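# Structural features, examined
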Amino acid sequence: MLRFRKGIEMTKVVKIRDVVIGEGMPKICVPMVGETISQLIEEANYLKGLDLDVVEWRVDFYENVTDIDKVKEALQEIRKVLTTQPIIFTFRSAKEGGQKEVSTSYYVELNKAIAATKLIDVIDVELFNDEKDVKELIEAAHANGVAVIISNHDFHKTPAKEEIISRLRRAAELGGDIPKIAVMPTCTADVITLLDATRITREQYVDGPIITMSMAGKGVISRLSGELFGSALTFGAAKKVSAPGQIPVVDLRKIIELLHNNLKK
């Protein structure tokens, strides 16, 4: 799907259910981090009443994540509650800030199996997997009408601007629908580095939506200013955060709308 966006030539958007990522205000995603099915159902019911656009199931928090059948059962229960909301399915590896580590073969098998259920709308695939595995997952997801975020997280530092741009470009070149990067700032300059890398990537290199953020307190501005700099989706917290720096979804919506309304002036 191609749309015209002011300041950028023809640009692609990613539509998942009724949510269009890549135009207008940044979309708000809230993670689910329940460890049991009962916790996940309770969480889903709570999220159902919030003003959000997308839900991310962080399945690495789930106690039975190493059993694909039980993951499917949990997903079916979540989908009974969240009947219309787009869902991102994410197993975040421990090396990128997640709760668990699994074998590469299981990681691939899990994501392929869940994409095949067609109960989710997006899978998150980490950039620093073997290229063959990344491409296999993209192909499997697309065959089932599922979009793909290609992600990278650095919880220790902010890479150089050129490196951030390079990783986002690489994610797009591999065939990901939405490149994503999250980095940790050690100073104010790191936040500016991330924001400018986002701007350059969107203006010069990637013709579709990207997701970027600078984490922790220093980086909160990057979670709010996506419409200006080029990040198409931001993560807010409901009850429990899944990454440092997430702010409550109610506050996030108010600030994003405030910025959006003033950008139009």
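From a predicted model like this one, the values you see are computed outputs, not experimental measurements.

### Thoughts on the environment of Val249
Within the secondary structure, Val249 is located in helix α9 (residues 249-263). On the basis of relative accessible area, Val249 is assigned to the buried category, the value being 3%. Put simply, Val249 and Ile200 are 49 residues apart on the chain and 28 Å apart in space, counted from C-alpha to C-alpha. Setting aside chain neighbours within four positions, we find Val249 in contact with Ile28, Val30, Leu50, Asp51, Leu52 and Ala237.

### Here's the deal with the packing of helix α1 (residues 37-48) against helix α2 (residues 68-81)
It is the contact of α1 with α2, at a shortest axis distance of 9 Å, that shows an interaxial angle of 25 degrees. In terms of orientation, α1 lies roughly parallel with respect to α2. Where α1 crosses over α2, the handedness of that crossing is right-handed. Two secondary-structure elements touch here, α1 through Ile37, Leu40, Ile41, Ala44, Asn45 and Lys48 and α2 through Ala74, Glu77, Ile78 and Val81. Of the residues in the contact of α1 with α2, the class split is 7 nonpolar, 1 polar and 2 charged.

### Some details on the pattern of salt bridges
For the structure shown, the criterion picks out 19 salt bridges. We note a salt bridge from Asp196 to Lys161, for which the minimum N-O separation is 2.6 Å. In this pair, Asp196 is assigned in helix α6 (residues 188-205) and Lys161 in helix α5 (residues 161-173), connecting sequence segments 35 residues apart. Residue Lys161 is classed as partly exposed on the basis of its relative accessible area, which comes to 26%. A single network of salt bridges, built from pairs that share partners, joins Arg92, Lys95, Glu101, Asp124 and Glu126.

### A short note on the confidence of the model for the chain
This prediction gives the chain a mean pLDDT of 93; 94% of its residues lie at or above 70. Low pLDDT, under 50, characterises residues 1-10; the predicted model gives this stretch 19 contacts beyond four residues in sequence or across chains.

### Quick notes on the side chain of Asn129
Turning to its location among the elements, Asn129 is positioned in the loop between β8 (122-126) and α4 (131-143). Judged by relative accessible area, which is 18%, Asn129 ranks as buried.

### A closer look at the UniProt feature "active site" (unreviewed entry) in the chain
Per the UniProt record, "active site" (unreviewed entry) is found at His153 and Lys180. Of the residues just listed, which span 28 residues, no C-alpha pair is farther apart than 8.4 Å, and they cluster in one region. Summarising the element assignment, His153 is placed in strand β9 (residues 147-154). Residue His153 is classed as buried on the basis of its relative accessible area, which comes to 10%. With residues near it in sequence (within four places) discarded, His153 still touches Arg92, Glu96, Lys180 and Ala182. As for its position among the elements, Lys180 is in strand β10 (residues 178-183). For Lys180, a relative accessible area of 6% gives the class buried. Filtering out sequence-adjacent residues up to four positions away, Lys180 remains in contact with Arg92, Asp124, Ile149, Ile150, Ser151, Asn152, His153, Leu168, Ile211, Met213 and Phe235.

### Topic: the side chain of Thr193
Mapped onto the secondary structure, Thr193 falls in helix α6. Contact partners of Thr193, with chain neighbours within four places excluded, come to Thr158, Pro159, Ala160, Lys161 and Ile164.

### Things to note about α6
Between its first and last C-alpha atoms α6 spans 25 Å; for 18 residues at 1.5 Å apiece the expected length is 26 Å, and the two agree. Residues Asp190, Val191, Thr193, Leu194, Leu195, Asp196, Ala197, Thr198, Ile200, Thr201 and Arg202 constitute the buried set of α6.

### Remarks on the UniProt feature "binding site: 3-dehydroquinate" (unreviewed entry) in the chain
The feature "binding site: 3-dehydroquinate" (unreviewed entry), as given by UniProt, occupies Glu56, Trp57, Arg58, Arg92, Arg223, Ser242 and Gln246 in the numbering adopted here. Counting through the fold element by element, Arg92 comes out in the loop between β7 (87-90) and α3 (104-117). Setting aside its immediate chain neighbours within four residues, Arg92 contacts Glu56, Arg58, Asp60, Gly97, Gly98, Gln99, Lys100, Asp124, Glu126, Ser151, His153 and Lys180. Side chain to side chain, Arg92 and Glu126 meet in a polar contact 3.2 Å long. Turning to its location among the elements, Gln246 is positioned in the loop between β12 (233-235) and α9.

### Quick notes on α5
Since the α-helix packs 3.6 residues into each turn, any two residues three or four apart lie on the same face. For α5, spanning 13 residues, the distance from its first C-alpha to its last is 18 Å, which sits close to the expected 18 Å at 1.5 Å a residue. Packing partners of the buried residues in α5 comprise β9, β10, α6 and β11 (211-214). The first or second residue beyond α5 is Gly175, which carries a positive phi of 110 degrees.

What counts, and at which threshold
- Residues numbered from 1 in each chain as written.
- Predicted model: local features only at pLDDT ≥ 70, side-chain atom pairs only at ≥ 80, totals over all residues.
- Heavy atoms only, no water.
- Helix = DSSP H or I, 4+ residues; strand = E, 2+ residues; numbered from the N terminus.
- Buried < 20%, exposed > 50% of the residue type's maximum accessible area, 1.4 Å probe, protein only.
- Contact = heavy atoms within 4.5 Å.
- Axes fitted to C-alpha atoms, helices over the stretch in contact; angles between N-to-C directions.
- Parallel < 35°, antiparallel > 145°, perpendicular 65-115°, else oblique.
- Left-handed = near helix turned anticlockwise from the far one by under 90°.
- Nonpolar A, V, L, I, M, F, W, Y, C, P; charged D, E, K, R; others polar.
- Salt bridge = Lys/Arg side-chain N within 4 Å of Asp/Glu carboxyl O.
- pLDDT = per-residue confidence, 0-100.
- UniProt positions renumbered as here; feature names shortened; annotations may be inferred.
- Expected span 1.5 Å × (residues − 1).
- Polar contact = N/O pair within 3.5 Å; in protein donor to acceptor, adjacent residues only side chain to side chain.

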